[in-house]
Amino acid sequence: MQQVVNVQQPIITPRKFKVYQHRQLDKIEALKKVPADMRFEMKVVANVLPFRVNEYVFNELIDWENVPNDPLFQLTFPQKDMLEPSAYQRMADLMSGKHTTNEVFDLATQLRDEMNPHPAGQMQMNVPHVDGEPLPGMQHKYRETVLFFPAQGQYCHSYCTFCFRWAQFVGKATRFNSNDADQLHRYLAQHKEVTDLLVTGGDPMVMRTRKLAHYLEDLLKPEFEHIKTIRIGTKSLTFWPYRFITDPDADDMLRLLERLVAGGKHVSIMAHLNHPNELRTEVCQEAIRRLRATGAQIRCQAPLLKHINDDPDVWASMWEKQVQLGMIPYYMFVERDTGAKRYFEVPLERTWEIFQKAYQQVSGIARTVRGPSMSAGPGKVEVQGVTEIAGEKVFALRFIQGRNPDWVQRPFFAKYDPDATWLHQLKPAFGEEKFFFEDEYSKMSAMD
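Because the structure is a prediction, the values reported are computed rather than measured.

**Remarks on the overall build of the protein**
Next, step 1: Secondary structure summary: the protein contains 14 helices and 15 strands in total.
Next, step 2: Taking 22 Å as the expected radius of gyration for a compact globule of 448 residues, we find that the protein reaches 22 Å, a close match to that expectation.
Next, step 3: Principal-axis analysis of the C-alpha atoms places the extent of the protein at approximately 65 × 60 × 50 Å.
Next, step 4: Scored against the burial criterion, the 448 residues of the protein give a buried share of 56%.
Next, step 5: A fraction of 73% describes how many contacts in the protein between residues 6 or more apart in sequence connect residues 24 or more apart.
Next, step 6: Accessible area of the protein: about 20,200 Å², with a carbon and sulfur share of 47%.
Next, step 7: With 55 positive and 57 negative side-chain charges, the protein shows a spacing of 4 Å between the two charge centroids.

**Regarding the UniProt feature "modified residue: N6-(pyridoxal phosphate)lysine" (unreviewed entry) in the protein**
Next, step 1: Here, the residues flagged by UniProt with the feature "modified residue: N6-(pyridoxal phosphate)lysine" (unreviewed entry) are Lys380.
Next, step 2: For Lys380, the position within the fold is in strand β13 (residues 379-389).
Next, step 3: When its relative accessible area of 17% is taken as the criterion, Lys380 is described as buried.
Next, step 4: What Lys380 contacts, discounting residues up to four positions off in sequence, is Tyr142, Tyr331, Phe333, Ser373, Met374, Ser375, Arg398, Phe399, Ile400 and Gln401.

**As for the packing of helix α1 (residues 36-46) against helix α4 (residues 85-96)**
Next, step 1: Running from amino to carboxyl end, α1 crosses α4 at an angle of 110°, the nearest separation of the two axes being 9 Å. The angle between α1 and α4 places the two elements in the roughly perpendicular class. Every residue of α4 that contacts α1 at Phe40, Glu41, Lys43, Val44 and Val45 is listed here: Tyr88, Met91, Ala92, Met95 and Ser96.
Next, step 2: Taken together, the residues of the contact of α1 with α4 break down into seven nonpolar, one polar and two charged.

**Observations concerning the packing of helix α11 (residues 312-324) against helix α13 (residues 348-361)**
Next, step 1: Two numbers describe how α11 lies on α13: the axes approach to 8 Å, and their chain directions differ by 45°. Regarding the angle of α11 to α13, the classification is oblique. Relative to α13, α11 is oriented so that their crossing is right-handed. Of the residues in α13, those touching α11 at Pro312, Asp313, Trp315, Ala316, Trp319 and Glu320 are Arg350, Ile354, Phe355, Lys357, Ala358, Tyr359 and Gln361.

Here is what the cut-offs are and how they apply
- Residues numbered from 1 in each chain as written.
- Predicted model: local features only at pLDDT ≥ 70, side-chain atom pairs only at ≥ 80, totals over all residues.
- Heavy atoms only, no water.
- Helix = DSSP H or I, 4+ residues; strand = E, 2+ residues; numbered from the N terminus.
- Rg over C-alpha atoms; globule rule 2.2 N^0.38 Å.
- Buried < 20%, exposed > 50% of the residue type's maximum accessible area, 1.4 Å probe, protein only.
- Contact = heavy atoms within 4.5 Å.
- Areas by Shrake-Rupley, 256 points an atom, 1.4 Å probe, with all protein chains shown as cover.
- Lys, Arg positive; Asp, Glu negative; His and termini not counted.
- Charge placed at Lys NZ, Arg CZ, Asp CG, Glu CD.
- UniProt positions renumbered as here; feature names shortened; annotations may be inferred.
- Axes fitted to C-alpha atoms, helices over the stretch in contact; angles between N-to-C directions.
- Parallel < 35°, antiparallel > 145°, perpendicular 65-115°, else oblique.
- Nonpolar A, V, L, I, M, F, W, Y, C, P; charged D, E, K, R; others polar.
- Left-handed = near helix turned anticlockwise from the far one by under 90°.

Right, here's the structure in full:
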C-alpha cells in the first residue's frame, strides 16, 4: 500500500496592509538610500503617472542594493525617462518654483492627454449598447468575451509603472467602471454568444469578497448556463498574496471560488507576473497553493518590458517556475502604445527574438504560452517571426483574436522594419496597399 505523505503547510503571520502614494514618497524609509535628485525626479513623474506601492512589495520583493536597476523597483517606482523630455521638464520647472496644487493638477491633466490614455478604441469601439445607450464599465470587443470593470475594484494593491490602464487611476474624467450588477446580468442574459466574463480593473481582488460575490454568484443561475468561464484579472498573487491567506475574508474568497467551480464554471485567475523574482516568497507560493486547491486555474501573462524582463533567460526562468508551482504560462504581450511606452517598448523583431530564445529553453509543458501578441484596435496580433519570402524580408503575423472572428488564424505579412514597435507602424508586404482587414476595420471604427 502506497504511503501518503502529509506536507506541512507554512505558518503565515498576518500582515497589515500599508500603502504609499505620491504624497508619501518621502515616508518610504528605503528611499533614503536613493540620491536626492532621483527622489525629485520620481516626484515629478508621480504627479503625472499613477504611483502606489505597498510595504510588502518594497520590503520583500525589491533588492535595494541593486536600485535603480532592480526589476521590481523599475516595475513599481517612477523613473524620469517614463515621460517625454519636454513633458518632464515642464512639470519639473513648475514644481521647482512657486506652484499650487491646482496648477500641478492642470498640467498633469494636459500631459496625460498627450499619452494616448485609452488605446485600441477602449472608450469608443469596445463599449456595448442596449437600446442605443452605452453601458458604462463594460467592454465587448470580441464575440465570446465581455469585460466588466467593477467600481470597487478600480485600483490595485500596488501600481505597475507600465500599466496600459494607467488612466483608470488618475483623474475622474478618464475612469471606466460600473457598480451595476443588474445591468451586467441583464446584458449577459441577452447575449447568448458570450461564453466568458472577464472581471478586471484595476484589480478585482482589492474588493471585499461579498462585493465580488454580488457580481458573480448570480451566474450560477440557469439563465447564465452559456457563461462557461469566469476570469479574474489580478496582480494580487505577487503584490499582496495575503489576500488569499490571512486577510479577514481570505477564506470567504476561496469558498466563493469553490462554489463557482462546483457550479460548473471554469474559473481562471489571470495572474499578471512580470519577473520570476515575484514568485520567490513563501507567502506567494502558499497563496498559489490555496487558490489551486479551490479548483480554479491560474494562467500567467505579462508584457515584454525594457528595464524589467527584456531577456530570454528571465522569461524561460519565469515560465519554468510557473509550471513548477502548477500555473499555466499564457501570454507574452507587446508593450502597448500608451502611457510610459517610450521607456518600456522593445522593437518587434527583438521582442520576437527574446520569445523564440526563451521558448527554446523550456519543455513542451511550458509551451502553452502565446506571443508576442499586440492587443491592437483590430484584435490580438501575434508576431510569428521574421522571414524572407520571394526575396522580400517580412514579418509573419496572424490574428489570435479579432473583432471579426473570420480574421482569427489568418496569416498576413508586413514589410520588415527593424524599428517598429506596434502594429500601426507596419506596412503591408509584397506591394499591397492595405492589410486584408483594414477596410472592414475602418467601417467598424466609423460606426462607433
